[in-house]
Amino acid sequence: MHWADVLADELLKEDKKHVLATGITPSGPIHIGNMREILTSDAVYRCLLHKGGEAELIYVADDFDPLRKVYPYLPKSYEKYVGMPISEIPCPCGKHKSYADHYLISFLESLKEIGVKPRVYRANEMYKNGDYNEAIQIAMENMDKIKEIIQKISKRQLPKNWIPFNILCSKCKRMTSTEAVLYEYPIIEYKCSCGYEGEVDIRQGGVGKLPWRVDWPARWKMLNVTFEPFGKDLGTVGGARDTGERIVEEIYNYPAPKYTVYEFILLKGKGAMHSSKGTALSAEEMLKMTPPEVLRFLIMNNQPNKHIVFDSGLGLLNLVDEYDRWERVYFGKEEPVKGMKDYKKTYELSQPEKTPDEIPYQLPYRHLVTLVQIADTWEDVKKILLRTKQIPKDLSKTDEEHLKQRTTHARYWLHNFAPDIIKFEVKTKKKPQVTLDEKQKKFLSTLKEKIDSIDWKAENIHNIIYETSEEEKIPIKTAFKTIYQIIIGQEKGPRMGYFLSNLDKDFVLKRIEEIVK
RNA sequence: GGGCCUGUAGCUCAGCUAGGUAGAGCAUCUGGCUUUUAACCAGGUGGCCAAGGGUUCGAAUCCCUUCAGGCCCGCCA
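Throughout this description, residue numbers start from 1 for each chain and increase along the sequence as written. Ligands are numbered from 1 and chains lettered from A, in the order in which they are written. Reporting in this predicted model follows two pLDDT cut-offs: at least 70 for local features of residues, and 80 or more for side-chain atom pairs to be given and counted; totals over whole chains, interfaces and linings ignore these cut-offs and use all residues. As a convention, hydrogens and water are excluded, and side-chain values are obtained from all of the structure's heavy atoms.

Q: Sorry, what's going on with the overall build of chain A here?
A: A run of H or I in DSSP becomes a helix once it reaches four residues, and a run of E becomes a strand once it reaches two; helices and strands are each numbered from the N terminus. The secondary structure content of chain A amounts to 20 helices and 12 strands. This radius of gyration counts C-alpha atoms alone. The globule rule is 2.2 Å times how many residues there are, raised to the power 0.38. Taking 517 residues into account, the globule formula puts the C-alpha radius of gyration at 24 Å, and chain A, at 30 Å, lies well above it. If you line up chain A on its principal axes, its C-alpha atoms span 100 × 50 × 35 Å. The cut-offs for exposure are 20% and 50% of the maximum accessible area for each residue type, with area from a 1.4 Å probe on protein chains only; residues under the lower value are buried, those over the upper are exposed, and the others partly exposed. Residue burial in chain A is summarised as follows: out of 517 residues, 54% are buried. Should any heavy atoms of two residues lie within 4.5 Å, those residues are considered in contact. Pairs at least 24 residues apart make up 69% of the contacts formed inside chain A by residues separated by at least 6 positions.

The following block contains the structure:
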């Protein structure tokens, strides 16, 4: 059984509406670990619906959290915002409502492409609206109990004047520099290291925030959360999950949600990613280089508790090939191999939208990577595909959209992540600087004559090159090298027959002519 | 110190969430192909499933112990 079905079955033991939660503090580029989290929830969510359960998928943006420090990707000037809620800090690019939105919005856009449609909550709004008021009051009433739970389970000593509420200083707007002096419902008197002394009324929204270890369980209760996966950094003994369980059950009188712990996604050759160190690959970027169904496949095909090594180099091509293969197996075009576990469910969960009725038109991704280097736009790529009969004239609109989308991803990958070895540029404008000896020139001119009369097809081109190299008695290696040099200015290139057939025949003829004369 | 994950073919890994003759890709070898961006096709070689114990008619798979490697936590969220 697929892992998502196992989790869904677990949840279905209780016959009620399930709320599957995920979330993140958008304090920087949202990295692919969060992509894993939300796709994990999405998988369970879909399985629940599939089994006839009632469920909702939600995403909570912790945008009322304070900025902890000036991260490497921020300008020095952000020093003055450290300690302020990220929803209250200006956007680094100026185009968004706030610092938090700057990172959140583009991530939410990415979610659309991979077909995840959660209901989005923003902590800053929830606090300001007063949604948290009751939870805050309960926390304050149970201050000692909460303190005891946290101290006992996390084995951490909390300060004497600790309260389960971080007050926002009304003068300097920071949340990390205030200290409570006196609490008498509903007023907390506080002083701030900026020198300000004042008071807040906890019945008023947005005057402060529950600390994380209390905020999390409070939210479970408030939003009726029944399932929430979390990364292994949070799954540690004595961690927020452990204290949260006790707090939600004993203070908020609500059962702790079910969960699964997910492992990290590692970047091949670079190890674990840390957004705070700026070494992370952002979720958006990962999605830009990987077709959405393939990205989902990567997550769905791996149990959450296994770490995934993502190879943004040539390994990405293998991943796409693997996906395509699973697709052929799903549609019965190929026999499943032993070990292709749960291939049906895995394939279905990999679909951003609903599973297609018949197999999408497949074109080897590697080939697409070559094509996008020959033609700049999808229209031009399409022309080549049609001319060389690599796609049928009556290709469906869906298939075309799919191929078009894949070329976009291939192009992004090529420009930003592909190793140089597979890059080339067809020198259409001017001929590359090459010095050829007489033999090579003779070879080319003979080749030109022969090419002129053939049908412009990969196989024919391939054969003609061999034939000519034999006639002219030059090594086949030299023959290939010569052609690559005059077309792309390199000594090696993509498989010659297919490559040339994708180029314009007249261009090739003209180029040879220019070189030979 | 605590927690999690991993250990299966030369390499990378699947199979462990159904206990029932050990699987794939790459590499290698053979044959074919007029060897071209980690080429393609057909086939072959290759494994005491880390070690030990237990449960079972039967264990890579479940349980216990040991060894080795990786990651996370012991600031904040």
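Following the structure, the description resumes.
Q: Can you walk me through the layout of surface pockets in this structure?
A: Definitions used for this entry: grid spacing 1 Å over protein atoms alone; cavity, a set of points where a 1.4 Å probe fits but cannot get out; pocket, an open set with protein on both sides within 12 Å along at least 5 of 7 lines; lining residue, one with an atom within 4 Å of a point. Grid points are joined across faces, edges and corners, and a volume is the space filled by probe spheres set on the points. Approximately 570 Å³ is the volume found for the second largest pocket. Considering the residues around the second largest pocket, the lining is formed by 22 residues, among which Gln-351, Pro-356, Pro-360, Thr-398 and His-402 are closest to the centre. The set of elements that each furnish at least two residues to the lining of the second largest pocket consists of helix 10 (292-300), helix 11 (315-330) and helix 15 (397-416). Per-element accounting of the lining of the second largest pocket gives the leading share, 5 residues, to helix 15. Three residue categories are used. Nonpolar comprises Ala, Val, Leu, Ile, Met, Phe, Trp, Tyr, Cys and Pro, charged comprises Asp, Glu, Lys and Arg, and polar comprises the others, including Gly. Split into classes, the residues belonging to the lining of the second largest pocket amount to 7 nonpolar, 6 polar and 9 charged.

Q: Which parts of the structure should I look at to understand the protein's contact with RNA strand B?
A: Here, proximity means that at least one heavy atom of the residue falls within 4 Å of the molecule or strand. If you check the shell around RNA strand B, you find 41 residues, and the closest are Arg-156, Ile-421, Phe-424, Pro-494 and Arg-495. Within the backbone of Leu-314, a nitrogen or oxygen atom sits 2.7 Å from a base nitrogen of RNA strand B. Interatomic distance of 3.4 Å between a side-chain N/O atom of Asn-318 and a base nitrogen of RNA strand B. For the surface near RNA strand B, the elements supplying multiple residues, two or more each, are helix 11, helix 17 (458-471) and helix 18 (476-488). Here the surface near RNA strand B gets 4 residues from one element, more than from any other, and that element is helix 18. For the surface near RNA strand B, the residue count by class is 18 nonpolar, 10 polar and 13 charged. Identification of polar contacts relies on pairs of N or O atoms within 3.5 Å, with a donor-acceptor requirement for protein atoms, meaning one able to donate a hydrogen and the other able to accept it, and with residues adjacent in sequence counted only if both atoms are side-chain atoms.

Q: Got a minute to help me understand the confidence of the model for chain A in this structure?
A: Atom-level detail of predicted coordinates should not be read off regions where pLDDT is low. Averaged over chain A, the pLDDT score is 88; the fraction of residues at 70 or greater is 97%. One confidence number per residue, pLDDT, is output by the predictor and ranges from 0 to 100. By mean pLDDT, strand 11 (residues 265-267) is the weakest element of chain A at 79, and helix 4 (residues 123-129) is the strongest at 96. Reported confidences for the modelled complex are a pTM of 0.92 and an ipTM of 0.87.

Q: Is there a simple way to think about the pairing of strand 3 (residues 119-122) in this case?
A: A regular strand places its side chains so that they alternate between the two faces of the sheet. Bridge analysis of strand 2 (residues 55-61) against strand 3 gives 4 bridges, and the strand direction is parallel. Counted as the bridge partner of Ile-58 is Arg-119 from strand 3. The handedness of the strand 2 to strand 3 crossover, carried by helix 3 (residues 99-113), is right-handed. Pairing between strands requires that DSSP locate at least two bridges from one strand to the other. Clockwise travel from the first strand over the helix to the second, with the strands pointing away from the viewer, marks a crossover as right-handed.

Q: Would you take a moment to explain the domain arrangement of chain A for this structure?
A: A common way to express how large an interface is: the accessible area buried when the components associate. By domain assignment, chain A separates into domain 1 (3-126 + 212-262), domain 2 (133-209), domain 3 (365-422) and domain 4 (438-516). Annotation comment: domain bounds sourced from an automatic or database domain assignment. Domain 1 and domain 2 are separated by 23 Å when their C-alpha centres are compared. Each partner contributes to the interface: domain 1 provides 20 residues, whereas domain 2 provides 21 residues. With both sides pooled, the region where domain 1 packs onto domain 2 buries about 1800 Å², and carbon together with sulfur makes up 71% of that total. Throughout this description, the term salt bridge denotes a Lys or Arg side-chain nitrogen within 4 Å of a carboxyl oxygen of Asp or Glu. Viewed at the interface, domain 2 and domain 1 are joined by 2 salt bridges. Of the charged contacts in the structure, one is a salt bridge between Asp-65 and Lys-209, with a shortest N-O distance of 3.2 Å. At the boundary of domain 1 and domain 2, one finds 4 residue pairs in polar contact (both at pLDDT 80 or more). Taken together, the elements giving at least two residues each to the side of domain 1 that touches domain 2 come down to helix 7 (212-222) and helix 8 (240-250). For the side of domain 1 that touches domain 2, the element with the most residues is helix 8, which contributes 5 residues. Here the quantity called buried area is the total loss of accessible area, with a 1.4 Å probe, experienced by two parts when brought into contact, counted for both.

Q: For this particular structure, what's the right way to read a negative patch on the surface?
A: For patch building, the residue pool is restricted to those with more than 30% relative accessible area and no salt bridge; the joining distance is 9 Å between like charges and 5 Å between nonpolar side chains (Val, Leu, Ile, Met, Phe, Trp, Tyr). Per-residue accessibility takes into account occlusion by the displayed protein chains alone, with areas from the Shrake-Rupley method and a 1.4 Å probe. The sign given to each residue is positive for Lys and Arg and negative for Asp and Glu; His and the chain ends receive no count. Note on charges: their place is set at NZ of Lys, CZ of Arg, CG of Asp or CD of Glu. A contiguous patch of negative charge on the surface is contributed by Glu-449, Asp-452, Asp-504 and Asp-506. Residue placement: Asp-506 occurs in helix 20 (residues 505-516). Relative accessible area serves as the criterion here: at 53%, Asp-506 is assigned to the exposed category.

Q: What's the story with the nonpolar core in this structure? I'm lost.
A: Looking at soluble globular proteins, one finds that nonpolar side chains tend to be buried together. Residues Met-35, Phe-310, Ile-465, Phe-499 and Leu-500 are the most contacted members of the largest nonpolar core, which totals 103 residues. For this core, the leading source of residues is helix 2 (residues 32-50), giving 9 residues. Setting aside anything within four residues of it in sequence, one finds Leu-500 in contact with Trp-456, Ile-461, Ile-465, Ile-483 and Val-508. Within the second largest apolar cluster, 50 residues are counted, among which are Met-126, Ile-136, Phe-230 and Ala-240. For our purposes a nonpolar core is just a set of buried Ala, Val, Leu, Ile, Met, Phe, Trp, Tyr and Cys residues, chained together by side-chain atoms within 4.5 Å.

Q: Could you clarify how one ought to interpret the environment of Tyr-78 in this entry?
A: Structurally, the position occupied by Tyr-78 is in the loop between strand 2 and helix 3. Along the chain, Tyr-78 and Lys-13 lie 65 residues apart, while their C-alpha atoms are 49 Å from each other. Setting aside chain neighbours within four positions, we find Tyr-78 in contact with Leu-67, Val-70, Ile-89, Pro-90, Cys-91, Pro-92 and Tyr-99. There is a polar contact of 2.9 Å between the side chain of Tyr-78 and the backbone oxygen of Pro-90.

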